[in-house]
Amino acid sequence: MWGGRFAAGPSAIMREINASIPFDKALWRQDIAASKAHVAMLGAQGIVAAEDVKAILDGLDRVAAEYEASGVPENWDLEDIHMTTESRLAELIGPAAGRLHTARSRNDQVATDFRLWVRDAIDQADAGLEALQKALVARAGEHADSIMPGFTHLQTAQPVTLGHHLMAYYEMAARDRSRFADARLRLNRCPLGSAALAGTGFPIDRFMTAQALGFDAPTANSLDAVSDRDFALDYLMAAAQCALHLSRLAEEFIIWASQPFGFAALPDSLSTGSSIMPQKKNPDAAELVRGHAGRVIGCLTALMVTMKGLPLAYSKDMQDDKPPVFEAAGLLALSIAAMTGMVAETTFRTERMRAAAELGYATATDLADWLVRQANIPFREAHHITGAAVKLAESRGVALDKLPLADLQAIDARIDERVYAALSVEASVAARASHGGTAPDEVRKRVAEARRALGLE
């Protein structure tokens, strides 16, 4: 590969540290596609003869078929996927293969291949998140009326509906999809034709190759094009945020499936047993999703640190750009799939959820609100009165709506029998009909909107 520049070949250490074929072989589809677009452009521009173009295109198809059937061979002397493909092409078609690399460098070649791979990863993440949203919407529609305790500080706060709770994660997934879409938009410029760093003297048509590969346009600066990895960082930032949301959802299911809560029975297909305790049903899939979030964040940090302080243009440090992206993409795809299955297949124990909502004095705020609306009491005073009522109910081990009217009036004489209509958990959730609130009718509206947005109706 190095021609006459060096008197001796690389040492064993250099050979091992320099080779990227063990991981960048994942780019083979993108490398074949970009090479085909490049040589077609060279032919259209009269830079390479038509017969050589045809031989190269046919040869690349043969190489792709071999890779598809048997995988990419790992010859570390060839270093990477680019030289591996070009070497095999030369074995198949002879000297014409050497014309493929006209007017390009491995610098713009890998920048193009990597963008194509990340673009595919973004599309896969978006499709996975859409499936997760559909699962969330389906279950939220089933449980628009199912009452459960809403929490702050993991303490019972106010009654909400399970449908409302699940739709919160629909919104998170929507933001994740928008971040991936933003990253894809910025990514979609083609570096091919930037060559090593300064462009090329050949009369190439960069717009032709950009269009052939589905890019919106070619990149505008050759130095930036070969050294930019913002697109990979954008992907990892979106992936990290998405992984955080999936981790939060996983934690909810872990808590709900625990015996003290008992809100949910996770599917057997996403649970494991214990090697010593036969009664155990462990939420291992959810725990691994929770753990994967840390690894995805680590991938983002690794690439950020790699790129820190690199001068223009390409530096070999950037060979380490792909492993963290590949790892994060694999972890994210698994996490999305696991949580989609968990949402779709979990059995929710709604009677237990409702009972828990009643136990935690979750309607205390409703009593305070009733005092403000019906007795014209300032909220701070109503808050104090309600606190006294909760203390009394707690001392007797009963719910607020089970306190006798005489006892409530002993706390404040302005309370009358109308208060009981506001103290049930059903009345509490129904009252919260503001836009985006937990009232069942409002949840059904949000579910209908989501179904339309997802093309389900």
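Our subject in this report is the structure included herewith. Source: prediction; values computed, not measured.

### Topic: the overall build of the protein
So, step 1. Within the protein, the secondary structure is distributed over 19 helices and 6 strands.
So, step 2. Referenced to the eigenvectors of the C-alpha coordinate spread, the extents of the protein come out at roughly 100 × 50 × 45 Å.
So, step 3. Long-range pairs, those at least 24 residues apart, make up 76% of the contacts in the protein between residues at least 6 apart in sequence.
So, step 4. Accessible surface for the protein amounts to roughly 21400 Å². Of this, 55% is attributable to carbon and sulfur atoms.

### Details of the nonpolar core
So, step 1. Counting residues in each nonpolar core, the largest one holds 95 residues, and the members touching the most others are Val118, Phe180, Tyr235, Val325 and Leu332.
So, step 2. For this core, the element with the highest residue contribution is helix α10 (residues 230–257), accounting for 17 residues.
So, step 3. Every residue in contact with Phe180, bar those within four places of it in the chain, is listed here: Ile122, Ala125, Leu129, Tyr235, Ala238, Ala239, Cys242 and Leu332.
So, step 4. Counting 20 residues, the second-largest nonpolar core is a separate cluster that includes Tyr361, Leu371, Ile385 and Ala393.

### Regarding the environment of Val325
So, step 1. Take Val325: it is sitting in helix α12 (residues 322–345).
So, step 2. The sequence separation of Val325 and Gln211 amounts to 114 residues, and the corresponding C-alpha distance is 25 Å.
So, step 3. Other than its neighbours up to four places away in sequence, Val325 contacts Phe114, Trp117, Val118, Ala232, Tyr235, Leu236 and Leu303.

### Focus: the packing of aromatic side chains
So, step 1. The tally for this structure, following the rule as stated, stands at 10 aromatic pairs.
So, step 2. Judged by centre distance (5.6 Å) and plane angle (80 degrees), the ring pair of Trp28 and Tyr67 falls under edge-to-face. Here the residue Trp28 occupies a position in helix α3 (residues 28–44), and Tyr67 occupies one in helix α4 (residues 50–70), the gap between them amounting to 39 residues. Here the two residues Trp28 and Tyr67 agree in accessibility, since each one is buried.
So, step 3. Relative to Phe348, the ring of Phe253 lies with its centre 6.1 Å away and its plane at 50 degrees, an arrangement referred to as tilted. Linking Phe253 in helix α10 with Phe348 in strand β6 (residues 347–348), this pair joins segments that are 95 residues apart in sequence.
So, step 4. Grouped by ring-pair contacts, the aromatic residues Phe114, Trp117, Phe231 and Phe326 constitute a single cluster.
So, step 5. Its guanidinium or amino end placed over the ring of Phe215, Arg119 lies 4.9 Å from that ring's centre, counting from NZ or CZ.
So, step 6. In this structure, Lys322 packs its charged tip against the face of Phe114, placed 5.4 Å from the ring centre.

### Description of the layout of surface pockets
So, step 1. The calculated volume of the largest pocket comes to roughly 610 Å³.
So, step 2. As for the largest pocket, its lining consists of 27 residues, and the residues nearest its centre are Phe151, His164, His165, Ala168 and Glu252.
So, step 3. With 7 residues, helix α7 (residues 162–187) is the largest single contributor of residues to the lining of the largest pocket.
So, step 4. Each residue belonging to the lining of the largest pocket can be placed in one class, and the counts come to 12 nonpolar, 9 polar and 6 charged.

### Observations regarding the state of the cysteines
So, step 1. The final tally for this structure, using the stated rule, is 0 disulfides.
So, step 2. As a non-bridged cysteine, Cys242 has Cys299 as the owner of its nearest cysteine sulfur, 14 Å distant.
So, step 3. Since its relative accessible area comes to 0%, Cys242 is described here as buried.

### Digging into the pattern of salt bridges
So, step 1. All told, the structure shown has 38 salt bridges when counted by the stated rule.
So, step 2. Put simply, Arg15 and Asp77 hold a salt bridge, and the shortest N to O gap is 2.9 Å. Here Asp77 lies in the loop between α4 and α5 (81–93) and Arg15 lies in helix α1 (residues 12–18), a separation of 62 residues in the sequence.
So, step 3. A salt bridge links Asp321 to Lys322, with the shortest nitrogen-to-oxygen separation between them at 2.7 Å.

### Here's the deal with the packing of helix α14 (residues 364–375) against helix α15 (residues 379–396)
A pair of packed helices is captured by two measures, namely the crossing angle of their axes and the spacing between those axes.
So, step 1. With their axes 8 Å apart at the nearest point, α14 and α15 run at an angle of 135 degrees to one another. Relative to α15, the element α14 lies oblique. As α14 packs across α15, the resulting crossing turns out to be right-handed. In contact with Ala364, Leu367, Ala368, Asp369, Leu371 and Val372 of α14, α15 contributes Phe379, Ala382, His383, Ile385, Thr386, Ala389 and Val390.
So, step 2. Each residue belonging to the contact of α14 with α15 can be placed in one class, and the counts come to 10 nonpolar, 2 polar and 1 charged.

### Side note on empty space enclosed by the protein
Gaps left between atoms show up when a probe the size of a water molecule is rolled over them.
So, step 1. Using the criterion set out here, one finds 1 cavity of 30 Å³ or more in the structure.
So, step 2. Roughly 60 Å³ of internal volume is contained in the largest cavity.
So, step 3. Every residue lining the largest cavity is listed: Leu129, Leu132, Leu136, Tyr169, Met172, Ala173, Asp176, Cys242, His245, Leu246 and Leu249.
So, step 4. Elements represented by at least two residues in the lining of the largest cavity include exactly α6 (106–142), α7 and α10.
So, step 5. Each residue belonging to the lining of the largest cavity can be placed in one class, and the counts come to 9 nonpolar, 1 polar and 1 charged.

Basis of the calculations
Residues numbered from 1 in each chain as written. Predicted model: local features only at pLDDT ≥ 70, side-chain atom pairs only at ≥ 80, totals over all residues. Heavy atoms only, no water. Helix = DSSP H or I, 4+ residues; strand = E, 2+ residues; numbered from the N terminus. Contact = heavy atoms within 4.5 Å. Areas by Shrake-Rupley, 256 points an atom, 1.4 Å probe, with all protein chains shown as cover. Core = buried A, V, L, I, M, F, W, Y, C linked by side-chain atoms within 4.5 Å. Buried < 20%, exposed > 50% of the residue type's maximum accessible area, 1.4 Å probe, protein only. Phe/Tyr/Trp six-rings, centres within 6.5 Å; stacked < 30°, edge-to-face > 60°. Lys NZ or Arg CZ within 6 Å of the ring centre and 35° of its normal. 1 Å grid on protein atoms, 1.4 Å probe; cavity = no way out; pocket = protein on both sides within 12 Å on 5 of 7 lines; lining within 4 Å. Points joined across faces, edges and corners; volume = space filled by probe spheres on them. Nonpolar A, V, L, I, M, F, W, Y, C, P; charged D, E, K, R; others polar. Disulfide = S-S within 2.5 Å. Salt bridge = Lys/Arg side-chain N within 4 Å of Asp/Glu carboxyl O. Axes fitted to C-alpha atoms, helices over the stretch in contact; angles between N-to-C directions. Parallel < 35°, antiparallel > 145°, perpendicular 65-115°, else oblique. Left-handed = near helix turned anticlockwise from the far one by under 90°.

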